[in-house]
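# Summary of the model geometry
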Amino acid sequence: MSKVISGFSKLTKQEKINWLAKNYFKKESEVEKIIQQYWNSDKKLQQLHDDFIENTITNFYMPFGVAPNFLINNETYLVPMVIEESSVVAAASLVAKFWSTRGGFKTTVLGTTKIGQVHFMFQGEKEDLTTYFNKNKKALFAATATITRNMEKRGGGILDISLIDKTDKLANYYQLHVTFETKDSMGANFINSCLEAIAIVFRNEKIEIVMSILSNFLPECIVRAEVSCTIDELGGDNPQKFAEKFHQAVKIAQIEPYRAVTHNKGIMNGIDAVVLATGNDFRAIEAGAHAYASKDGSYKSLSYCEIENGIFKFWLDIPLALGTVGGLTGLHPIAKLSLEMLQNPSAKRLMEITAAAGLAQNFAALRALTTKGIQHGHMKMHLHNILNQLGANEEEKVEITVFFEGKTVSHSAVVSKFEELRILKG
Ligand code: MEV
């Protein structure tokens, strides 16, 4: 039986489900049941979600949690987070509370410039190309007038267009490097539309346009989030020792790429969760963050730590091209809810909140790693998942949770305890 199908997108939703159930699953009716279980009973709402992409057959649930007590630049936020990893929201909440009594997070947007490029091939003299570019630069701006009009009213638009010679890396290869300010929108569609309009005007018989597209590498769209306090304020049995070990952990992530990737993954646990909750493009954010972490030629930590004159300082610099208007932000009812929860922030404010969530997550991970180890808290949170996987009933869940209080949770220890209980209770 061939599983290649033509015209799949033209089938109705039910026809698609029938086809895939028949061709890819053993228990057809069960598959259909699971798929339908996740449909929204509100048909209009379901249709809205169906229309986000092609070939939608159902919805994929992710937990939507909230982390309270995020004091950021003296304002308190309740931060929405969409994530499946059990310990992330708990860690964010704990750390937010911790820093709320130590001055909170201080954040600064260091830049909001976005970048797009028209990549093209030119075989003639560079001088001729430069003359052609300079002569036509105004016309390139003019080519985007209808697209940029509204953005300009909001204070954004094209900042500059420059000609870049890349022929030392690839024969005949040049770029138009275009910088943008997109205010409260992430700006992907705006940027790509401008670039395509520019390319049409720029091309001639000697200029072959290869492609026109925004860049997700945004070293000039950066936000800094920072926490600091005296070493004594860190608390615990030996705050000096804690600060020093924490500092070492950050320094290791600065020079050791294997560790840096995991260190930054911890930061992205917080970042992605807010990015998802607010309907932003987490793939763009991920790509940009890791590219930025490699900007000096080797992959490094996105966060930094300093201990000076008894002050512990910990901060993060990260590119975050976020929007609070356009895209899914105004379309997805839960994304809208998240933004309202954050008091309908500007894109800049959302950059700050998101960076604070990333720093909080990084602090939580490093605090755990350099003290009790990561598994202690992680497995405690994961206990519920293991119990659900085992099919434990409510009574068993309570009993086993109580049993593991103060003990280290491991998958095998939970399974043994569960089996022991079942045997005991017959
Ligand atoms: C797990 O999701 C994230 C951590 O591995 C981050 C880190 O190691 O810093 C705990």
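Note that the structure is predicted; figures quoted are calculated from it, not measured.

### Focus: the overall build of the protein chain
- Each helix and strand counted, the protein chain has 15 helices and 10 strands in total.
- For the protein chain, the spread of C-alpha atoms along the principal axes amounts to about 85 × 70 × 40 Å.
- When the 426 residues of the protein chain are sorted by exposure, 43% land in the buried category.
- For the protein chain, long-range pairs separated by at least 24 residues make up 70% of all intrachain contacts whose partners lie at least 6 apart in sequence.
- Summed over all atoms, the accessible surface of the protein chain reaches about 22,600 Å², with 53% contributed by carbon and sulfur.

### Some words on the pattern of salt bridges
- Inspection of the entire model under this criterion finds 14 salt bridges.
- With a shortest N-O distance of 3.8 Å, Lys-295 and Asp-296 are connected by a salt bridge.
- Given the relative accessible area of 37%, Lys-295 is considered partly exposed.
- Residue Glu-352 pairs with Arg-349 through a salt bridge whose shortest N-O separation is 3.3 Å. One end of the pair, Glu-352, and the other, Arg-349, are both in helix H12 (residues 347–369), three residues apart, so they sit about a helical turn from each other.
- Among the residues examined, Glu-352 registers a relative accessible area of 10% and is labelled buried.
- Using a relative accessible area of 36% as the deciding quantity, one classes Arg-349 as partly exposed.
- Shared partners join several salt bridges into a network, and the residues in it are Lys-295, Asp-296 and Lys-300.

### Some points on the sheet that holds strand E7 (residues 207–214)
- Sheet architecture is open: four strands sit in the order E5-E6-E4-E7, paired in antiparallel fashion. Each having just a single partner strand, strand E5 (157–165) and E7 make up the two edges of the open sheet. Sheet twist, expressed as the mean angle between neighbouring strand axes with direction ignored, is 20 degrees.
- Bridge count between strand E4 (residues 114–122) and E7: seven bridges; the pairing is antiparallel. Paired with Gln-117 across the bridge in E7 is Ile-213.
- Taken strand by strand, helix H5 (residues 126–142) contacts E4, E5, strand E6 (173–181) and E7, and its axis lies near 170 degrees from that of E5.

### Some words on helix H8 (residues 239–255)
- In this model H8 runs 25 Å from its N-terminal to its C-terminal C-alpha over 17 residues, within 8% of the 24 Å that 1.5 Å per residue would give.
- Contact partners of the buried residues in H8: helix H9 (257–277), strand E9 (303–308), strand E10 (311–319) and H12.

### Structural notes on the pairing of strand E2 (residues 75–82)
- Bridge analysis of strand E1 (residues 64–72) against E2 gives seven bridges, and the strand direction is antiparallel. Note that in E2 the partner of Ala-67 across the bridge is Val-79.
- The loop that links E1 with its antiparallel partner E2 comprises two residues; one of these, Asn-73, has a positive phi angle of about 45 degrees.

### Quick word on the packing of H9 against H12
- Closest axis-to-axis distance for the H9/H12 pair is 8 Å, and the angle between their directions is 135 degrees. When the interaxial angle is binned, H9 and H12 end up oblique. Read as a crossing pair, H9 and H12 show a hand that is right-handed. In this structure, H9 uses Arg-259, His-263, Gly-266, Ile-267, Asn-269, Gly-270, Ile-271, Val-274 and Val-275 to contact H12, whose residues at the interface are Leu-350, Thr-354, Ala-355, Ala-357, Gly-358, Gln-361, Asn-362, Leu-366 and Leu-369.
- Within the contact of H9 with H12, the residues separate by chemical class into nine nonpolar, eight polar and one charged.

### Thoughts on the domain arrangement of the protein chain
- Domain boundaries in the protein chain define domain 1 (8–50), domain 2 (64–110 + 224–371), domain 3 (114–214) and domain 4 (377–424).
- Computed from C-alpha atoms alone, the centre-to-centre distance between domain 1 and domain 3 is 43 Å.

### Side note on the site of the ligand
- The environment of the ligand is formed by Glu-85, Arg-259, Thr-262, His-263, Lys-265, Gly-266, Asn-269, Ala-365, Leu-369 and Ile-374.
- Here an oxygen atom of the ligand and a side-chain polar atom of Glu-85 are 2.6 Å apart.
- Contact between the ligand and Lys-265: an oxygen atom at 2.6 Å from a side-chain N or O atom of the residue.
- Burial of the ligand by the protein amounts to 83% of the accessible area it has alone, namely 300 Å².
- Secondary-structure elements contributing two or more residues to the shell around the ligand are H9 and H12.

### Considerations on the packing of helix H4 (residues 88–100) against H12
- Interhelical geometry of H4 versus H12 gives an angle of 95 degrees and a closest axis separation of 8 Å. Judged on the interaxial angle alone, H12 and H4 are roughly perpendicular. Counted together, Val-88, Ala-91, Ala-92, Leu-94, Val-95, Phe-98 and Trp-99 of H4 and Ala-360, Gln-361, Phe-363, Ala-364 and Arg-367 of H12 form the full contact between these two elements.

### What about unusual backbone geometry?
- Unusually for a residue other than glycine, Asn-55 sits at a positive phi of about 60 degrees.
- Looking at the secondary structure, you find Asn-55 in the loop between helix H3 (43–50) and E1.
- Even without being a glycine, Asn-73 presents a positive backbone phi close to 45 degrees.
- With respect to the secondary-structure elements, Asn-73 resides in the loop between E1 and E2.

### Some thoughts on a nonpolar patch on the surface
- On the surface, Phe-64, Val-66, Leu-78, Ile-334 and Leu-337 cluster together into a nonpolar patch covering about 370 Å² of accessible area.
- Counting residues per element, the ones that place at least two in the nonpolar patch are E1 and helix H11 (333–341).
- Among the secondary structure elements, Val-66 is positioned in strand E1.

So, how was this worked out
- Residues numbered from 1 in each chain as written.
- Predicted model: local features only at pLDDT ≥ 70, side-chain atom pairs only at ≥ 80, totals over all residues.
- Heavy atoms only, no water.
- Helix = DSSP H or I, 4+ residues; strand = E, 2+ residues; numbered from the N terminus.
- Buried < 20%, exposed > 50% of the residue type's maximum accessible area, 1.4 Å probe, protein only.
- Contact = heavy atoms within 4.5 Å.
- Areas by Shrake-Rupley, 256 points an atom, 1.4 Å probe, with all protein chains shown as cover.
- Salt bridge = Lys/Arg side-chain N within 4 Å of Asp/Glu carboxyl O.
- Pairing = 2+ DSSP bridges.
- Axes fitted to C-alpha atoms, helices over the stretch in contact; angles between N-to-C directions.
- Expected span 1.5 Å × (residues − 1).
- Parallel < 35°, antiparallel > 145°, perpendicular 65-115°, else oblique.
- Left-handed = near helix turned anticlockwise from the far one by under 90°.
- Nonpolar A, V, L, I, M, F, W, Y, C, P; charged D, E, K, R; others polar.
- Domains from an automatic or database assignment.
- Near = heavy atom within 4 Å.
- Polar contact = N/O pair within 3.5 Å; in protein donor to acceptor, adjacent residues only side chain to side chain.
- Patch = residues over 30% accessible without salt bridge, like charges linked within 9 Å, V, L, I, M, F, W, Y side chains within 5 Å.

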